[in-house]
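# Residue-level structure breakdown
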Amino acid sequence: MKKLIAVLFLISVCGFFQKVSAENIIPSATAIKTVPTSIDFAKSYKTNSENLLYLLLAAINEQNYLIEEIQFKTGSVLFKAYKKEFIASVASQDGFNSFVKIIPADNNYNFSPSLIQKLHNYIEINNNTHFQKVL
């Protein structure tokens, strides 16, 4: 009986140490999720840059991302999504076309590509919305 208890104790102790050592293993490079190259970080729209900036802010707000900084003069927005910071820049191509570029602030592209696609989809759906200044 004592031998059986001792054997069971040794098996449980060995199993515990295997579990602890397995938690400290660094995942391999194949397990890391990377962004495919087919994602459009910059996309052009048929609207002026001011309207596109407001559409971008509305898209970020719609997805419940945290807006940390807005610079209206340069047309850039710093926001946080899923514990990661992103920079979105709006620039004008000509009087009728402008584009938005969304990139991670730390140049680490290991994030879900649906984050950028959701913002672009919102802007495409609501592109015909024109904002007016309220006095």
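Just above sits the structure.
Overview of the structure.

Definitions and cut-offs
Residues numbered from 1 in each chain as written. Predicted model: local features only at pLDDT ≥ 70, side-chain atom pairs only at ≥ 80, totals over all residues. Heavy atoms only, no water. Phe/Tyr/Trp six-rings, centres within 6.5 Å; stacked < 30°, edge-to-face > 60°. Pairing = 2+ DSSP bridges. Helix = DSSP H or I, 4+ residues; strand = E, 2+ residues; numbered from the N terminus. Axes fitted to C-alpha atoms, helices over the stretch in contact; angles between N-to-C directions. Buried < 20%, exposed > 50% of the residue type's maximum accessible area, 1.4 Å probe, protein only. Patch = residues over 30% accessible without salt bridge, like charges linked within 9 Å, V, L, I, M, F, W, Y side chains within 5 Å. Areas by Shrake-Rupley, 256 points an atom, 1.4 Å probe, with all protein chains shown as cover. Salt bridge = Lys/Arg side-chain N within 4 Å of Asp/Glu carboxyl O.

Tallying each qualifying case throughout the model produces 7 aromatic pairs. Chaining the aromatic ring pairs together yields one cluster made of Phe41, Tyr65, Phe79, Tyr82, Phe86, Tyr109 and Phe111.

The sheet built from 5 strands is open, its strands ordered 1-5-4-3-2 with antiparallel pairing. The sheet terminates laterally at strand 1 (42–45) and strand 2 (66–71), the two strands that pair on one side only. Pairwise comparison of adjacent strand axes, ignoring direction, gives a mean angle of 20° for this sheet. Pairing of strand 2 with strand 3 (residues 76–81), which is carried by 5 bridges, proceeds in the antiparallel orientation.

This part takes up unusual backbone geometry. Look at tyrosine 82: it is not a glycine, yet its phi comes out positive at around 55°. Along the chain, tyrosine 82 turns up in the loop between strand 3 and strand 4 (84–92). Even without glycine at this site, lysine 83 takes up a positive phi of about 60°. Within the secondary structure, lysine 83 is located in the loop between strand 3 and strand 4. The class of lysine 83 is exposed, set by a relative accessible area of 84%.

On the surface, a nonpolar cluster with roughly 430 Å² of combined accessible area is contributed by Tyr54, Ile67, Ile70, Phe72 and Phe131. Looking at the element boundaries, isoleucine 70 is found in strand 2.

On to the pattern of salt bridges, then. Inspection of the entire model under this criterion finds 3 salt bridges. We note a salt bridge from lysine 80 to glutamate 68, for which the minimum N-O separation is 3.8 Å. Residue lysine 80 is found in strand 3, and its partner glutamate 68 is found in strand 2; the two are separated by 12 residues along the sequence. The partly exposed category is assigned to lysine 80, whose relative accessible area is 34%. Classification of glutamate 68 by relative accessible area gives partly exposed; the value is 35%. Between aspartate 106 and lysine 84 there is a salt bridge, with its nearest N and O atoms 3.4 Å apart. Pair noted here: aspartate 106 is in the loop between strand 5 (98–104) and helix 3 (114–125) and lysine 84 is in strand 4, with a separation of 22 residues, a long-range link. Given the relative accessible area of 13%, lysine 84 is considered buried.

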